[in-house]
Amino acid sequence: MPQLFTESCSTWRPRPKDYYYLIPIVSFPLEIPYDRQMATDSFKSALFLPDPLAKWPWKCNVNPQYLQAKTESSAWIQSFTFTPRAQQVLDLGEFELLASYVYPLESKEVLRAGCDLMNLFALYDEYTDTATPHEAQQLATIVMDALRNPDKARPADECVVGEVARQFWQLSSKCASEIACRRFIEAFDMYTTSVVQQAQDRAQNYIRNIDDYILFRRSTAAVKAAFMPIQFTLNLPDEVFEDPVVQRLTDACGDLIMLMNDLYSYNVEQARSDIHNIVTTVMYHKNIDLHETMKWIDDYCSKLVHQFLNDLRHVPSFGKEFEDEVKHYLDGIAYWVRGNDSWSFESRRYFIASGLDIQKSRKVILLPRSDYQIN
């Protein structure tokens, strides 16, 4: 099995605490009811995770400014008062480590923005995880108003996530170009809108077909906003991101991140009967078992890897003045794929106390239903 960590990653800091966290990933209007018995009948005692990133050329690389950015971001987020559950998410999530893995090329200022953004994502996901559609819409309105008006004081009785978002963007926007600021607001608005749709989906307990699941996830997932810090110090014109090759490269990385997230989160999600996962979707629509589903997802992700590497050889020139910035962006999203994958095992995000062992063996013992809880 290929070693996914460089020495700097595997020895960077003490082993994390036992916890898992899901990057906010969203779902969409679903078409058919989900039969939980169907999924239950397909469960076995263990599953073996595929490794479609085994030949991904970008290795895990930690940002050298990690410790300083972590210290500052941790002090900032700890200045707020959250619900006990949300505080536990932040205490155990190690989101600053995630940022240091997925933004290894960025300056200290941008890395700090990335750390704060990962914390904001964690909070937003936590506060909307069980929200009704109305509650999710309320929080979306609050957060987007805070991001669009970072110098406007928030109401005293408002959900604290609004003030977190305001302070995050008030500081982070200072290290972002004007065009990157615009794109970030657009991407975050897309994300919050999709979380409202996710709440509607959850209330109806439906599943979309496979193509729609992937398409809508690509269009509205938080990954689009998560890629934005890579652009903060760049001045690339819209022409670059509208180019079909660059769009395919961006979509391929986004899809790999989301689908690998689904693979790694499947065990804890099936234990709590969460149906918004590519594994459940493929099992349902293909009428296949868990082993066959792992093979289907492995093949799909392997094709994405091949597509990305092939498209990378055909990126057009946008002028010599943009050559270095285009390379920085494409390297940045590729490092996001590897960094997120490495963090998923090293942080025990999905695998409790066994992440590094599972990274080698790829074997996951399935949890019984409702056996996985966050206190």
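Now for a quick tour of the structure.

### Regarding the overall build of the protein
Okay, so step 1: When helices and strands are counted, the protein shows 18 helices and 4 strands.
Okay, so step 2: Taken across its 375 residues, the protein has 59% of its residues classed as buried.
Okay, so step 3: Contacts in the protein between residues far apart in sequence, at least 24 positions, make up 84% of those at least 6 positions apart.
Okay, so step 4: On the protein, roughly 15,600 Å² of surface is accessible, and the fraction owed to carbon and sulfur atoms is 51%.

### Section: the packing of aromatic side chains
Okay, so step 1: On inspection of all chains with the given rule, the structure shows 26 aromatic pairs.
Okay, so step 2: Relative to F351, the ring of Y350 has its centre 6.0 Å away and its plane inclined at 70 degrees; by these criteria the two rings are edge-to-face. Here the two residues Y350 and F351 agree in accessibility, since each one is buried.
Okay, so step 3: One aromatic cluster is present, formed by F121, Y124, F168, W169, F184, F188, Y191 and F232 through successive ring pairs.

### Structural notes on the nonpolar core
Okay, so step 1: Judged by nonpolar contacts, the single largest core of 116 residues is most densely connected at F184 and F188.
Okay, so step 2: Broken down by element, the residue count for this core peaks at 13 residues, all from helix α14 (residues 244-271).
Okay, so step 3: Contacts of F184, omitting those with residues within four sequence positions, involve L117, L147, F168, W169, A225, M228 and F232.

### Overview of the packing of helix α6 (residues 108-128) against helix α7 (residues 133-148)
Okay, so step 1: For the pair α6 and α7, the least separation of the axes is 10 Å and the interaxial angle reads 155 degrees. One element, α6, and the other, α7, form an angle in the roughly antiparallel class. α7 is crossed by α6, and the crossing has right-handed handedness. Within the contact between the two elements, α6 uses Y124, Y127 and T128 and α7 uses A136, L139, A140 and V143.
Okay, so step 2: Residues of the contact of α6 with α7, tallied by class, amount to 6 nonpolar, 1 polar and no charged.

### Things to note about the pattern of salt bridges
Okay, so step 1: If you walk through the whole model with that rule in mind, you get 20 salt bridges.
Okay, so step 2: For D116, the salt bridge identified is with R112, shortest N-O distance 2.8 Å. A residue pair is termed a helical-turn pair when its members lie 3 or 4 positions apart in one helix, as D116 and R112 do in helix α6 at 4 residues.
Okay, so step 3: The salt bridge involving K327 is made with D331; its shortest N-O contact spans 2.6 Å. Of this pair, K327 and D331 both sit in helix α17 (residues 323-346), 4 residues apart, roughly one helical turn.
Okay, so step 4: When its relative accessible area of 52% is taken as the criterion, K327 is described as exposed.
Okay, so step 5: Via salt bridges that share partners, E72, K108, R112 and D116 belong to a single interconnected network.

### Quick look at helix α9 (residues 178-204)
Okay, so step 1: The end-to-end C-alpha separation of α9 is 40 Å, in line with the 39 Å expected for 27 residues at 1.5 Å each.
Okay, so step 2: Once α9 finishes, N205 follows within two positions and takes phi at roughly 60 degrees, a positive value.

### Considering helix α16 (residues 290-312)
Okay, so step 1: Look at α16: 33 Å from first C-alpha to last across 23 residues, which is about the 33 Å you get at 1.5 Å a residue.
Okay, so step 2: For α16, the full list of buried residues reads L290, T293, M294, I297, C301, L304, V305, F308 and D311.

### Examining the packing of helix α5 (residues 95-102) against α17
Okay, so step 1: Axis separation between α5 and α17 bottoms out at 7 Å; the angle between their running directions is 145 degrees. Helix-helix and strand crossings are classified by hand; for α5 and α17 the assignment is right-handed. Seen from α5, the contacting residues are F95, L97, L98, Y101 and V102; seen from α17, they are G332, Y335, W336, G339, N340, S342, W343 and E346.
Okay, so step 2: Within the contact of α5 with α17, the residues separate by chemical class into 8 nonpolar, 4 polar and 1 charged.

### Section: the environment of S100
Okay, so step 1: Looking at where S100 falls in the secondary structure, it is placed in helix α5.
Okay, so step 2: S100 sits in the buried class, given a relative accessible area of 0%.
Okay, so step 3: Considered as a pair, S100 and A69 are 31 residues apart in the sequence and their alpha carbons are 8.7 Å apart.
Okay, so step 4: Leaving out residues up to four positions away in the same chain, S100 has contacts with N61, V62, N63, Y66 and L111.

### Side note on unusual backbone geometry
Okay, so step 1: Within the chain, N205 stands out as a residue other than glycine whose phi angle is a positive 60 degrees.
Okay, so step 2: Positionally, N205 belongs in the loop between α9 and β3 (206-207).
Okay, so step 3: Given a relative accessible area of 24%, N205 falls into the partly exposed group.
Okay, so step 4: With a phi close to 55 degrees, N287 is a non-glycine residue in the positive phi region.
Okay, so step 5: Residue position: N287 is located in the loop between α15 (278-286) and α16.

### Quick notes on the side chain of E126
Okay, so step 1: Residue position: E126 is located in helix α6.
Okay, so step 2: Every residue in contact with E126, bar those within four places of it in the chain, is listed here: R85, A86 and V89.

Criteria and thresholds
- Residues numbered from 1 in each chain as written.
- Predicted model: local features only at pLDDT ≥ 70, side-chain atom pairs only at ≥ 80, totals over all residues.
- Heavy atoms only, no water.
- Helix = DSSP H or I, 4+ residues; strand = E, 2+ residues; numbered from the N terminus.
- Buried < 20%, exposed > 50% of the residue type's maximum accessible area, 1.4 Å probe, protein only.
- Contact = heavy atoms within 4.5 Å.
- Areas by Shrake-Rupley, 256 points an atom, 1.4 Å probe, with all protein chains shown as cover.
- Phe/Tyr/Trp six-rings, centres within 6.5 Å; stacked < 30°, edge-to-face > 60°.
- Core = buried A, V, L, I, M, F, W, Y, C linked by side-chain atoms within 4.5 Å.
- Axes fitted to C-alpha atoms, helices over the stretch in contact; angles between N-to-C directions.
- Parallel < 35°, antiparallel > 145°, perpendicular 65-115°, else oblique.
- Left-handed = near helix turned anticlockwise from the far one by under 90°.
- Nonpolar A, V, L, I, M, F, W, Y, C, P; charged D, E, K, R; others polar.
- Salt bridge = Lys/Arg side-chain N within 4 Å of Asp/Glu carboxyl O.
- Expected span 1.5 Å × (residues − 1).

So far we have only geometry, and geometry alone does not tell us how the molecule works.
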